[in-house]
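Here is what each chain is made of, one letter per residue.
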Amino acid sequence: FKYHENFIQNISQMSVDGFLVISGLLTCIGVMRKLDSMHQAKEFVSLGDLMRRFPFIGMYIHRFLRLSPVYAYCMVMLVAFMPTMGSGPLWELDGWGRKQFEGCYNSGWRNLLFVNNLGRYQADNSCMVWTWYLATDMQITIMCPFILLPLYWHGKIAQKRYDTGRAVAYLSTVLALFSVVTFAVSWTMNMCATLGWRRAGSDVIAFKEHYYVMPHTRISPFLVGVALAWLRISGAAPRTISPSTCYKLLSVAVAFFFTLITWETGYTRELDALFNAVARTMFAVSLAIVMYLCECGYGGFARQLLEHRVWVPLARVGYVGFLLHWAVLATDYGSRETAMIPYLYPSASVSLCPVTMAVVRTCCWSALVAVLFEIPFNNALSVLLSPPPRAKSQKSTD
């Protein structure tokens, strides 16, 4: 039971780090493609020149326009309809029901500017508290070019080839720097390591506000995704590996994973700070290894299942589902007559029906919003931001 409890506490809070790994992977691929095109066009001759010519503003505006409109639409919709979607004694509590969205009147602008993770994000005037991830991811994206441009220059251009050694040393240094900062912040503020079993005297508020939602403490999985993308782009990680190499990499992933689920947090201040500093990196490395092995053809049935086209419609409404799912859960729980949380430590007979219905309602609601608003807006945005077609030169004939 002890290991089961450690698994629940240590791993459940790291699910979001998987999205940060994917975000780092895709962001690095996109930025590297842009840098390659700039290099081929000979638009820069030095790192300083590259920093001046890289289209930072365009990158930020494109991401802002991609996320903000449907974000604002869902916010307005929830503020307008949530007061009428439930009733009961739990509906009036601060953490659930209508009060979950009343703060949008005063602090919704912080969400739309992606700064809602700064300060006391769980105060009474907060708005859609689960969207802290969007703010954290946006802030990491803003920092991303300042990490990737030196990586590209020193890892490829300065050496006139992909230099894996320099790139790995650079990313390891950046990752170690952020890990040291995380350890220092966690130890100085006497933070706990999980929201479950906590050490007596540890500060859970500091853990929520200065660690769990901060970009500088959550950037490690993003950097692991960047490293995976670099290794694939540079060719340092081959597309085919031997079974023995697969087993060695898998053993590292399994070792990291079991270290996390058996790590007994909540005993000393130093161990909790160390867990906060390295645990998410270990989880991200394990996930990156599994992703790489699947790419090399060792995924088997799991890869076939995850690549099935049945997931395509759900992927298209995933962002809207993220914005709306908490409202569905809040309506479900806030309208109950007893203070039962079926989503934590559930039994099949208690949770199967409400969880299934919550998933179905979220998918239906998300599909409606995506079809009516998100997809048309994104299509219009693609048309507006796409470069004009080049006119074909026609040679005049006499």
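Fair warning: this is a prediction, and the values are worked out from it, not measured in the lab.

Cut-offs and rules
Residues numbered from 1 in each chain as written. Predicted model: local features only at pLDDT ≥ 70, side-chain atom pairs only at ≥ 80, totals over all residues. Heavy atoms only, no water. Helix = DSSP H or I, 4+ residues; strand = E, 2+ residues; numbered from the N terminus. Buried < 20%, exposed > 50% of the residue type's maximum accessible area, 1.4 Å probe, protein only. Polar contact = N/O pair within 3.5 Å; in protein donor to acceptor, adjacent residues only side chain to side chain. Contact = heavy atoms within 4.5 Å. Disulfide = S-S within 2.5 Å. Axes fitted to C-alpha atoms, helices over the stretch in contact; angles between N-to-C directions. Parallel < 35°, antiparallel > 145°, perpendicular 65-115°, else oblique. Left-handed = near helix turned anticlockwise from the far one by under 90°. Nonpolar A, V, L, I, M, F, W, Y, C, P; charged D, E, K, R; others polar. 1 Å grid on protein atoms, 1.4 Å probe; cavity = no way out; pocket = protein on both sides within 12 Å on 5 of 7 lines; lining within 4 Å. Points joined across faces, edges and corners; volume = space filled by probe spheres on them. Phe/Tyr/Trp six-rings, centres within 6.5 Å; stacked < 30°, edge-to-face > 60°. Lys NZ or Arg CZ within 6 Å of the ring centre and 35° of its normal. Expected span 1.5 Å × (residues − 1). Bend = angle between axes of the 7 residues up to and from the residue. Salt bridge = Lys/Arg side-chain N within 4 Å of Asp/Glu carboxyl O.

A. Representation of the side chain of Ser 186. Position of Ser 186 relative to the elements: it lies in helix α8 (residues 164–188). A relative accessible area of 1% places Ser 186 in the buried class. A polar atom in the side chain of Ser 186 sits 2.8 Å from the side chain of Asn 276. Excluding its chain neighbours within four sequence positions, the residues that come into contact with Ser 186 are Met 191, Asp 272, Ala 273 and Asn 276.

B. Here's a closer look at the state of the cysteines. Under the definition given, this model contains one disulfide. One disulfide bridge connects Cys 104 with Cys 127, the sulfur atoms lying 1.9 Å from each other. An S-S torsion of about 85° defines the bridge between Cys 104 and Cys 127 as right-handed. Of this pair, Cys 104 sits in helix α6 (residues 104–112) while Cys 127 sits in the loop between α6 and α7 (132–157), and the two are 23 residues apart along the sequence. Accessibility classification places Cys 104 together with Cys 127 in one group, the buried group. Sulfur of Cys 28: no disulfide; nearest cysteine sulfur belongs to Cys 144 and is 7.2 Å away. When its relative accessible area of 0% is taken as the criterion, Cys 28 is described as buried. Free cysteine: Cys 246, not disulfide-bonded; nearest cysteine sulfur from Cys 296 at 8.1 Å. Looking at Cys 246, the relative accessible area reads 5%, which means it is buried.

C. Examining the packing of α7 against helix α10 (residues 215–234) more closely. It is at 9 Å that the axes of α7 and α10 come closest, and there the two elements cross at 45°. In terms of orientation, α7 and α10 fall into the oblique class. Handedness of the α7/α10 crossing: right-handed. Residues Trp 132, Thr 136, Gln 139, Ile 140, Met 143, Cys 144, Ile 147, Leu 148, Leu 151, Tyr 152, Gly 155 and Lys 156 of α7 form the contact with α10, whose own contacting residues are Pro 215, Arg 218, Ile 219, Phe 222, Leu 223, Val 226 and Trp 230. Here the residues of the contact of α7 with α10 sort into 14 nonpolar, three polar and two charged.

D. A look at empty space enclosed by the protein. All chains considered together, the criterion is met by two cavities of 30 Å³ or more. Empty space within the second largest cavity amounts to approximately 30 Å³. Taken together, Thr 182, Tyr 211, Thr 217, Ser 220, Asn 276, Ala 277, Val 278, Arg 280 and Thr 281 make up the full set of residues lining the second largest cavity. Looking at the lining of the second largest cavity, the elements that each hand over two or more residues are α10 and α12 (269–298). Along the lines of polarity and charge, the residues of the lining of the second largest cavity split into three nonpolar, five polar and one charged.

E. Expanded view of the packing of aromatic side chains. With the rule as written, the count across this model stands at 16 aromatic pairs. Pairing Tyr 73 with Phe 373 gives two aromatic rings, centres 4.5 Å apart and planes at 10°, and the pair type is stacked. One end of the pair, Tyr 73, is in helix α4 (residues 56–81); the other, Phe 373, is in helix α16 (residues 348–385), and 300 residues separate them in sequence. Put simply, the rings of Phe 19, Trp 132, Tyr 133, Phe 207, Tyr 211, Tyr 212 and Phe 322 pair up and form one aromatic cluster. One residue, Arg 218, lies across the ring of Tyr 212, its end atom 4.8 Å from the ring centre.

F. Molecular detail of α10. With 20 residues, α10 ought to run about 28 Å at 1.5 Å a step, and its terminal C-alpha atoms sit 27 Å apart, in line with that. Approximately 35° is the largest bend angle found in α10, and it occurs at Pro 221. Burial analysis of α10 places 16 of its 20 residues in the buried class, which makes it a mostly covered element. One or two positions beyond α10, positive phi appears at Gly 235, with a value near 85°.

G. Main features of the packing of α4 against α7. α7 packs onto α4 with a crossing angle of 165° between their chain directions and a minimal axis gap of 11 Å. The angle between the axes of α4 and α7 places the two elements in the roughly antiparallel class. When you trace α4 past α7, the crossing you get is right-handed. Across from Phe 56, Met 59, Tyr 60, Arg 63, Phe 64, Leu 67 and Tyr 71 in α4, the residues of α7 making contact are Leu 134, Asp 137, Met 138, Thr 141, Ile 142, Pro 145, Phe 146 and Leu 149. In terms of residue class, the contact of α4 with α7 is made up of 12 nonpolar, one polar and two charged.

H. Region of the structure containing α7. The terminal C-alpha atoms of α7 lie 37 Å apart, and with 26 residues this matches the ideal 38 Å at 1.5 Å per residue to within 8%. A bend of about 35° at Met 143 is the largest found in α7, and the proline Pro 145 appears one to four places after it. Buried residues dominate α7, accounting for 22 of its 26 residues.

I. Region of interest: the pattern of salt bridges. All chains considered together, the criterion is met by nine salt bridges. When the shortest N-O distance is used, the salt bridge between Asp 49 and Arg 52 registers 3.6 Å. In this pair, Asp 49 and Arg 52 both sit in helix α3 (residues 47–53), three residues apart, roughly one turn of the helix. Judged by relative accessible area, Arg 52 falls into the exposed class, the value being 64%. A salt bridge links Glu 374 to Arg 66, with the shortest nitrogen-to-oxygen separation between them at 3.3 Å. Within this pair, whereas Glu 374 is found in helix α16, its partner Arg 66 is found in helix α4, the two being separated by 308 residues in sequence. Members of the salt-bridge network, linked through shared partners, are Asp 17, Arg 218 and Arg 280.

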